[in-house]
Amino acid sequence: MITYLKSLISNSPTNLISYAEYIEAVLYHSEYGYYMKNKQKIGSQGDFITTSNISDIYGRIVAKWFASFCKKYNLEPNFCEIGAGNGRFAHAFLQEWEHSIKAPINYIIVESSPYHQKLQNELIPPHHNLIQVNKLDELEPFKGMVFSNELFDALPAHVIEKENGQLYEVMVGIKNETLYEEKVLLTNPAIHFFLEESMLELKDKQRIEVPLLMEGMVQDISKVLTKGLVVTADYGYTKEDWMHPSRMKGSLRGYYQHQMIDDVLKYPGKWILRHTSILIGLFRRVSKSSWFSIQS
């Protein structure tokens with residue numbers, strides 16, 4: 001991974017890359033990215049845990065709720081899960097659907113990791129006719145539900161810091177095989193717009209993560225879902241939360257064997273990266289889309 005990052009940075013016009021580019025590489029690179037590796041990531045033997053892997057109750061309850069939603073709104077039973085991990089939520093959902101609903105359903109998983117696709121196929125019986133795709137744009141438009149659990153907090157994000165009244169973007173460079181940070185004057189208009197529309201005023205020396213790719217994800221969902229509901233369970237701070245002194249250093253963290261890692265530039269690709277800045281931007285975009293419903 002470090003060799004790839006060195007090439008990526010050296011080929012940049014400024015010999016620097018944004019944190020968004022760094023996170024994209026260390027998490028999603030087709031060969032070296034954390035999610036692409038053939039290793040257990042979720043659970044006691046992995047690096048982190050999610051609600052869907054604590055108990056099957058989560059998946060079973062959502063299955064019943066979705067069934068009632070389809071009946072109430074005369075909606076076709078098409079359920080699309082983005083980023084299904086090891087497939088435990090899907091397995092629990094489909095078990096409950098088969099036991100209680102006893103009707104056909106199309107269960108679609110959008111998953112870019114071949115390793116996770118393999119785990120999903122091993123866990124979910126073939127008779128469920130699971131549909132797996134790598135990206136949302138591989139799907140034909142459909143009516144139903146799009147669901148995700150702890151997806152948005154793993155999307156690449158830019159890191160911004162305020163110093164002496166001026167906004168800077170924190171970039172990543174490399175020297176002698178060691179990654180380092182360097183702040184440059186913030187010139188990206190999309191980031192300026194994000195902060196202005198969020199009405200968030202940083203304190204001096206404060207950092208925040210700006211997940212611009214989140215907007216693209218929302219747009220991709222809007223292209224495939226013609227009627228229905230979008231549900232995402234995730235983390236995020238409100239504007240008031242960001243004003244708390246404990247948020248001064250931002251929220252970008254690494255997790256390895258259930259231990260939090262503050263220096264996310266060490267051992268790239270070895271652990272998962274998360275941030276909790278999403279609520280500001282997510283609700284900002286959602287509120288402008290009449291088709292988009294959300295429960296968090």
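For the structure, see preceding data.
In this text the structure is predicted, and so the values were computed from the model without any measurement.

## Considering the overall build of the chain
A count of helices and strands for the chain gives nine helices and 13 strands. Evaluated residue by residue, the chain yields a buried proportion of 51% over its 296 residues. Looking at the chain alone, contacts between residues at least 24 apart form 71% of all its contacts between residues at least 6 apart. Here the chain has roughly 14,600 Å² of accessible surface; of this, 52% comes from carbon and sulfur atoms.

## Topic: the environment of Val-133
Note that Val-133 resides in strand S4 (residues 131-133). The exposure class assigned to Val-133 is buried, which follows from its relative accessible area of 9%. Between the alpha carbons of Val-133 and Ile-108 there is a distance of 7.7 Å; along the sequence they are 25 residues apart.

## Concerning the packing of aromatic side chains
One pass over the structure, following the stated rule, counts 17 aromatic pairs. With a centroid separation of 6.4 Å and 40° between ring planes, the pair formed by Tyr-4 and Tyr-32 is classed as tilted. In this pair, Tyr-4 sits in helix H1 (residues 2-10) while Tyr-32 sits in the loop between helix H2 (19-28) and helix H3 (57-73), placing the two residues 28 residues apart along the sequence. Residue class for Tyr-4 comes out partly exposed when judged on its relative accessible area of 29%. Judged by its relative accessible area of 31%, Tyr-32 is partly exposed. Between Phe-89 and Phe-93 the ring centres are 6.3 Å apart and the planes differ by 40°, which places this aromatic pair in the tilted class. Here Phe-89 pairs with Phe-93, and both are found in helix H4 (residues 88-101), just four residues apart, close to one helical turn. The exposure class assigned to Phe-93 is buried, which follows from its relative accessible area of 0%. An aromatic cluster is defined as three or more aromatic residues linked by ring pairs; in this entry it consists of Tyr-58, Phe-66, Phe-79, Phe-89, Phe-93, Trp-97, Tyr-107 and Phe-147.

## Re the environment of Arg-207
Looking at the element boundaries, Arg-207 is found in strand S9 (residues 207-210). Reaching out from Arg-207, the side chain makes a polar contact with the side chain of Glu-161 at a distance of 2.7 Å.

## Structural notes on the nonpolar core
If you look at the biggest cluster of nonpolar residues, it comprises 31 residues, and the most contacted ones within it are Leu-136, Leu-139 and Ile-160. Sorting the residues of this core by element identifies strand S2 (78-82), strand S3 (106-110), strand S5 (142-149), helix H6 (189-198), S9, helix H7 (213-224) and strand S10 (225-233) as the ones contributing at least two each. With five residues, the top contributor of residues to this core is H7. Excluding residues that lie within four positions of it along the chain, Ile-160 makes contacts with Leu-167, Tyr-168, Glu-169, Leu-186, Ile-191, Leu-195, Leu-202, Gln-206, Arg-207, Ile-208 and Val-210. Judged by nonpolar contacts, the second largest core, of 22 residues, contains Phe-93, Trp-97, Ile-105 and Ile-109.

## Side note on the sheet that holds S5
Sheet architecture is open: five strands sit in the order S4-S3-S2-S5-S10, paired in parallel fashion. Each end of this open sheet is capped by a strand with a single partner; those strands are S4 and S10. The average angle at which neighbouring strand axes cross in this sheet is 20°, direction not considered. Note that S3 and S4 share three bridges and pair parallel. The residue of S4 that forms the bridge with Ile-108 is Ile-131. Contacting S2, S5 and S10, H7 runs over the sheet at an angle of about 140° to S10.

Parameters and conventions
- Residues numbered from 1 in each chain as written.
- Predicted model: local features only at pLDDT ≥ 70, side-chain atom pairs only at ≥ 80, totals over all residues.
- Heavy atoms only, no water.
- Helix = DSSP H or I, 4+ residues; strand = E, 2+ residues; numbered from the N terminus.
- Buried < 20%, exposed > 50% of the residue type's maximum accessible area, 1.4 Å probe, protein only.
- Contact = heavy atoms within 4.5 Å.
- Areas by Shrake-Rupley, 256 points an atom, 1.4 Å probe, with all protein chains shown as cover.
- Phe/Tyr/Trp six-rings, centres within 6.5 Å; stacked < 30°, edge-to-face > 60°.
- Polar contact = N/O pair within 3.5 Å; in protein donor to acceptor, adjacent residues only side chain to side chain.
- Core = buried A, V, L, I, M, F, W, Y, C linked by side-chain atoms within 4.5 Å.
- Pairing = 2+ DSSP bridges.
- Axes fitted to C-alpha atoms, helices over the stretch in contact; angles between N-to-C directions.

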